[in-house]
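Here is how the chains run, residue by residue.
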Amino acid sequence: MHKQKFAHICVVNLLWAILAATGMPGFALAQAVSGGIDLGGAATHITDSDIGPLAPLISALFWVAGGVLMGAGALKLKEHAENPTQTPMRQGLSRLAVGAALMTIPFFSQFVTNTLSNTAGPASYTAFVSP
């Protein structure tokens, strides 16, 4: 029953998307409408003016969440050392791994952004969060 309901919702949303794309072909095909901007211009505007100022906050949130998880992982490893039968080692190690992954997301996202940017000059590194 749940699969049928989910499939029905997906089909209805797909039909709405097709209807919207048919009604507004300029937006659907990512072409500039007369006097408007294209998809690339819209993406540049979003990253420069809308999301750009939030980048340091998002980076800080990843750092704090990663630090908290790594601290929790260290405490779980301490609990495992005190009583190995009650606390498995995998709980501590998994928290440490997820915390480390969260702390590297800002660096990795900037690496991907710099790699995929379409510039004519040589590649250079741009810091995600200025020191």
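Please read all numbers here as calculations on a predicted model, not as lab measurements.

1. Details of helix H4 (residues 55-82)
Next, step 1: For H4, spanning 28 residues, the distance from its first C-alpha to its last is 41 Å, which sits close to the expected 40 Å at 1.5 Å a residue.
Next, step 2: Along H4, the positions that sit buried rather than exposed are Ala55, Ser59, Gly66, Gly73 and His80.

2. Concerning the pattern of salt bridges
Next, step 1: By the definition in use, this model includes 2 salt bridges.
Next, step 2: Across the salt bridge formed by Lys76 and Glu79, the nearest N and O atoms sit 3.6 Å from each other. With Lys76 and Glu79 both in helix H4, this residue pair falls 3 residues apart, about one helical turn.
Next, step 3: With a relative accessible area of 21%, Lys76 lands in the partly exposed category.
Next, step 4: Between Glu82 and Lys78 there is a salt bridge, and its shortest N-O distance comes to 2.5 Å. You can see Glu82 and its partner Lys78 sitting in helix H4, 4 residues apart, about one turn around the helix.

3. A short note on the side chain of His80
Next, step 1: Examined against the element boundaries, His80 turns out to sit in helix H4.
Next, step 2: Filtering out sequence-adjacent residues up to four positions away, His80 remains in contact with Thr87, Pro88 and Met89.

4. Digging into a nonpolar patch on the surface
Next, step 1: Taken together, the side chains of Val11, Leu14, Leu15 and Ile18 define a hydrophobic patch exposed on the protein surface, amounting to about 380 Å² of accessible area.
Next, step 2: Structurally, the position occupied by Ile18 is in helix H1 (residues 2-23).

5. Structural notes on the environment of Ala101
Next, step 1: Tracing the backbone shows Ala101 in helix H5 (residues 89-116).
Next, step 2: We classify Ala101 as partly exposed; its relative accessible area is 38%.
Next, step 3: Residues Ala101 and Met70, spaced 31 residues apart in sequence, show a C-alpha to C-alpha distance of 10.0 Å.

6. What about the packing of aromatic side chains?
Next, step 1: Across all of its chains, the model carries 1 aromatic pair by this definition.
Next, step 2: Taking 5.9 Å as the distance between ring centres and 80° as the angle between the ring planes, the aromatic pair formed by Trp63 and Phe107 counts as edge-to-face. Here Trp63, found in helix H4, pairs with Phe107, found in helix H5; they are 44 residues apart in sequence, far enough to count as distant.
Next, step 3: Its relative accessible area of 39% is what places Trp63 among the partly exposed residues.

Rules used throughout
Each chain has its residues counted from 1, running along the sequence as written. Thresholds applied to this predicted model are a pLDDT of at least 70 for local features of residues and 80 or more for the giving and counting of side-chain atom pairs; totals over whole chains, interfaces and linings are not thresholded and use all residues. In computing side-chain properties, one takes all heavy atoms of the structure into account and sets aside hydrogens as well as water. Only DSSP runs of H or I covering at least 4 residues are called helices, and only runs of E covering at least 2 are called strands; the numbering of each starts at the N terminus. Helix span is expected to be 1.5 Å times the residue number reduced by one. Remark: exposure states derive from per-residue accessible area (1.4 Å probe, protein chains only) relative to the maximum for the residue type, with buried under 20%, exposed over 50%, and partly exposed in between. A pair is scored as a salt bridge if a Lys or Arg side-chain nitrogen falls within 4 Å of a carboxyl oxygen belonging to Asp or Glu. When checking whether two residues touch, look at their non-hydrogen atoms; a contact exists if any pair is within 4.5 Å. Think of a patch as exposed residues, more than 30% relative accessible area, with no salt bridge, where like charges cluster within 9 Å and nonpolar side chains (Val, Leu, Ile, Met, Phe, Trp, Tyr) cluster within 5 Å. All accessibility values rest on the Shrake-Rupley procedure with a 1.4 Å probe; residue burial counts only the protein chains present in the view. Any two of the Phe, Tyr and Trp rings considered here, Trp counted by its six-membered ring, make a pair once their centres fall within 6.5 Å; the pair's planes then place it as stacked at under 30 degrees, edge-to-face at over 60, or tilted in between.

These values are about where atoms sit, not about what they do.
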